[in-house]
Amino acid sequence: MNVLSVSQFSDDTRTLIYPVQKENLSAQLTAIAEETSLPIAILDAEVKAEKSEITTFFTTDKRIYILGLGAEPTSHQIIKAFRTLLFKHKAKVGTQVGVSLKNCPVDWIEFVVNGMELGKYEFGLYKTEPKTAIPLFENGTLELRTDDFKSELIEKGKHIADTQLRLFTLLNAPSNFKTPQTLASWAMHSGEKYGYKVRVFDSGECQSLGLFALLAVGQGSKSEPEFIVMEYQGEGATQKVALVGKGVTFDTGGISIKPSENMHLMKSDMGGAAAVLGAIEVAAKLKLPIHLIGIVPTTENSVDGDSMKPGDVIQSYAGKTIEVTDTDAEGRLILADGLSYALKNFQPDVLIDLATLTGSIIRTLGYHAAGLFTTSNELGKQLKRAGERTGERLWRLPMWEEYADHLKSDIADVRNFSGVPHSQAIAAAKFLELFVENHTSWAHLDIAGTAYGDTDLAPQRAGTAYGVRLLTEFITQLTKDPANDKSQH
Ligand code: BES
Ligand code: ZN
Ligand code: ZN
């Protein structure tokens, strides 16, 4: 999709989209009536500007969509509304579409382009029926009528969407199409294409490095675990940020096996990895001035004669021994190695891990926010703000010492499962904290509810690429804030 800035739509642009919001709706409708010669009485009666409300009108030569954005629309709502419109109508809109953004804030450009590109995504990845080509996305043109044209915002919207679309495919892929090797080659290709370093350690190399917790989780799987290390060195960077993402390509629970009812959803247990892969790719594409490290320990958690068994004591990269009282609490094991590796080898200023870590966070926050755990008020605030700006929301939960009480083991340094039925998301965060060596700027994001969610567009839950926009915004703000510029201290 080619995106142009125009002051007037060209005559052969047959599809026009007018976003409207609740504030001053009648004035917006009057302007649309004047321009399109649609009767104001009909517009008034039909259009309420509810979130993602689509009202279609036809004039003699135009198809006109009035797209509701609700009241005080957030970036997330704008993206969602445009994605929904394009998803539902993409076969009808033709090759040339105009969007009227007169009197809209300039940053909407990014969200409109992003949402329209995301509308391309088809959920039926493995359906045999032939896919129909969509003219707009093949060789079409989007005309943006804006007061203030910003080509970098168009690029940003496109770049992020392109990464998100490929991550949807990765997230929605079932485990017979997605192994640790799939994640590793995604990273390798991305690194080659966008010019950042990628190293992948296979299980032999993990053994010599001492990534024993990752190896223990992977020992019951046919596909071997991999440890992916990515490094993007942006020009002018003054901050080093390390991101660690949980890459479990399928979580059966292991010998502590999960009930079968929802087990198929565990193909999405690599949502943290997807966020990290995406964030580093976007940072490289946008050439953000940051030194970014991405670490993805990736494995399946399977059941086999070689699988670790409840009660096994395993080693870790940090040298701490872990009693595995529940093999289904595998995410924290591989993250422990990922976090220790990041600290020992990169000494980052900021360390953030993202993981579909617990069902407990879904019981706490549902699907509308991820859990934020940090001992740094400053980092907590920055992440929460980025969450609000992007609609990829975060909610902070406590990390008081008492929550670690149940992680004491009789025979090892720590155990991986508290054994109590409550506060498991917090206990998981307390477990991870043992592996971050009192780093003063560490945060753990439990994205079990947000990585794979309802979209309205698919009958079932699907990958959201949660974290890509959040981390991009966080990094962008970090590189802007002079207080964070170490060269000034
Ligand atoms: N991958 C799951 C967490 C999960 C649950 C993600 C639902 C997405 C949706 C994780 O590995 C897990 O099994 N966690 C256990 C932890 C428990 C054994 C302490 C859980 O949440 O039940
Ligand atoms: Zn598990
Ligand atoms: Zn898991």
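Refer to the structure above for everything that follows.
Criteria and cut-off values
- Residues numbered from 1 in each chain as written.
- Chains lettered and ligands numbered in written order.
- Predicted model: local features only at pLDDT ≥ 70, side-chain atom pairs only at ≥ 80, totals over all residues.
- Heavy atoms only, no water.
- Helix = DSSP H or I, 4+ residues; strand = E, 2+ residues; numbered from the N terminus.
- Rg over C-alpha atoms; globule rule 2.2 N^0.38 Å.
- Contact = heavy atoms within 4.5 Å.
- Areas by Shrake-Rupley, 256 points an atom, 1.4 Å probe, with all protein chains shown as cover.
- Core = buried A, V, L, I, M, F, W, Y, C linked by side-chain atoms within 4.5 Å.
- Buried < 20%, exposed > 50% of the residue type's maximum accessible area, 1.4 Å probe, protein only.
- Domains from an automatic or database assignment.
- Near = heavy atom within 4 Å.
- Polar contact = N/O pair within 3.5 Å; in protein donor to acceptor, adjacent residues only side chain to side chain.
- Nonpolar A, V, L, I, M, F, W, Y, C, P; charged D, E, K, R; others polar.
- Donors = N, O, S within 2.8 Å, 3.2 Å for Na, K, Ca; no water.
- Tetrahedral: all angles 85-135°; square planar, octahedral: opposite > 155°, others 65-115°.
- Expected span 1.5 Å × (residues − 1).

> Explain the overall build of the protein here, please?
Helix and strand counts for the protein come out as 15 helices and 20 strands. Relative to its length of 489 residues, the protein is compact, with a C-alpha radius of gyration of 24 Å against a globular reference of 23 Å. Taking the principal axes of the C-alpha coordinates as reference, the protein spans close to 80 × 55 × 40 Å. Within the protein, contacts between residues separated by at least 24 positions form 76% of all contacts whose residues are at least 6 apart in sequence. Carbon and sulfur atoms form 50% of the exposed surface of the protein, whose accessible area is close to 20300 Å².

> Looking at this structure, I do not really get the nonpolar core. What am I missing?
If you look at soluble globular proteins, the nonpolar side chains tend to sit buried side by side. Grouped together as the largest cluster of nonpolar side chains are 86 residues, with contacts concentrated most on Ile-17, Met-116, Leu-144 and Met-230. Broken down by element, the residue count for this core peaks at ten residues, all from helix H10 (residues 271-285). Each of domain 1 (2-150) and domain 2 (160-488) accounts for three or more of the residues forming this core. For Leu-144, the residues in contact, after removing those within four places along its chain, are Val-3, Leu-4, Ser-5, Val-6, Val-99, Leu-101, Ile-109, Val-112, Val-113 and Ile-154. Counting residues in hydrophobic clusters, the runner-up holds 50 residues, among them Phe-227, Ile-334, Ala-336 and Phe-346.

> What is the right way to look at the site of ligand 1 in this model?
In the neighbourhood of ligand 1, 16 residues make up the surrounding shell, with Asp-251, Lys-258, Asp-328, Glu-330 and Gly-359 lying closest. Contact between ligand 1 and Lys-246: an oxygen atom at 3.2 Å from a side-chain N or O atom of the residue. Asp-269 is positioned with one of its side-chain polar atoms (N or O) 2.9 Å from a nitrogen atom of ligand 1. Surface burial for ligand 1 is 86%, taken as the share of its 520 Å² of free accessible area covered by protein chains. Of the residues contributing to the shell around ligand 1, the split by class is five nonpolar, three polar and eight charged.

> How should I be thinking about the coordination of the zinc ion (ligand 2) in this particular structure?
Tetrahedral coordination by four donors places them ideally at 109.5 degrees to one another around the metal; octahedral coordination by six donors ideally gives 90 or 180 degrees. Coordination of the zinc ion (ligand 2) by the protein involves Asp-251 (OD), Asp-328 (O), Asp-328 (OD) and Glu-330 (OE), with metal-donor separations of 2.0 to 2.2 Å. Considering all six donor atoms around the zinc ion (ligand 2), angles at the metal cover 71 to 168 degrees and the coordination shape is irregular. Each donor residue of the zinc ion (ligand 2) lies on the same chain, and together they follow the pattern D-x76-D-x1-E. The metal-metal distance between the zinc ion (ligand 2) and the zinc ion (ligand 3) comes to 3.2 Å, with Asp-251 coordinating both. A relative accessible area of 22% places Asp-328 in the partly exposed class. With relative accessibility at 0%, the residue Glu-330 sits in the buried group.

> Which parts of the structure should I look at to understand the coordination of the zinc ion (ligand 3)?
Each protein donor to the zinc ion (ligand 3) is listed here as Lys-246 (NZ), Asp-251 (OD), Asp-269 (OD) and Glu-330 (OE); together their distances run 2.0 to 2.4 Å. Taken together, the six donor atoms coordinating the zinc ion (ligand 3) and their angles of 77 to 173 degrees define a geometry best described as octahedral. One chain supplies every donor to the zinc ion (ligand 3), and in sequence these donors are spaced K-x4-D-x17-D-x60-E.

> Before we go on, may I ask you to explain the side chain of Ser-100 in this structure?
For Ser-100, the location among the structural elements is in strand S5 (residues 96-100). A relative accessible area of 9% places Ser-100 in the buried class. Polar contacts involving the side chain of Ser-100 include one to the side chain of Arg-145, which spans 2.7 Å. Every residue in contact with Ser-100, bar those within four places of it in the chain, is listed here: Phe-9, Ile-17, Tyr-18, Pro-19 and Arg-145.

> Where do I start with helix H11 (residues 331-346) in this structure?
The first and last C-alpha atoms of H11 sit 22 Å apart over 16 residues, in line with the 22 Å expected at 1.5 Å per residue. Taken across its 16 residues, H11 has 14 buried, putting it largely inside the fold. Looking one or two residues beyond H11, the residue adopting positive phi is Gln-347, at roughly 40 degrees.

> Which parts of the structure should I look at to understand the environment of Gly-210?
Structurally, Gly-210 can be placed in the loop between helix H8 (203-209) and helix H9 (212-218). Owing to a relative accessible area of 7%, Gly-210 belongs among the buried residues under this scheme. Remark: the alpha-carbon pair of Gly-210 and Arg-415, spanning 205 residues in sequence, is separated by 19 Å.

> Where do I start with the environment of Ala-284 in this structure?
Among the secondary structure elements, Ala-284 is positioned in helix H10. Residue class for Ala-284 comes out buried when judged on its relative accessible area of 5%. Through-space distance from the C-alpha of Ala-284 to that of Gly-191 is 8.8 Å; in sequence the pair is 93 residues apart.

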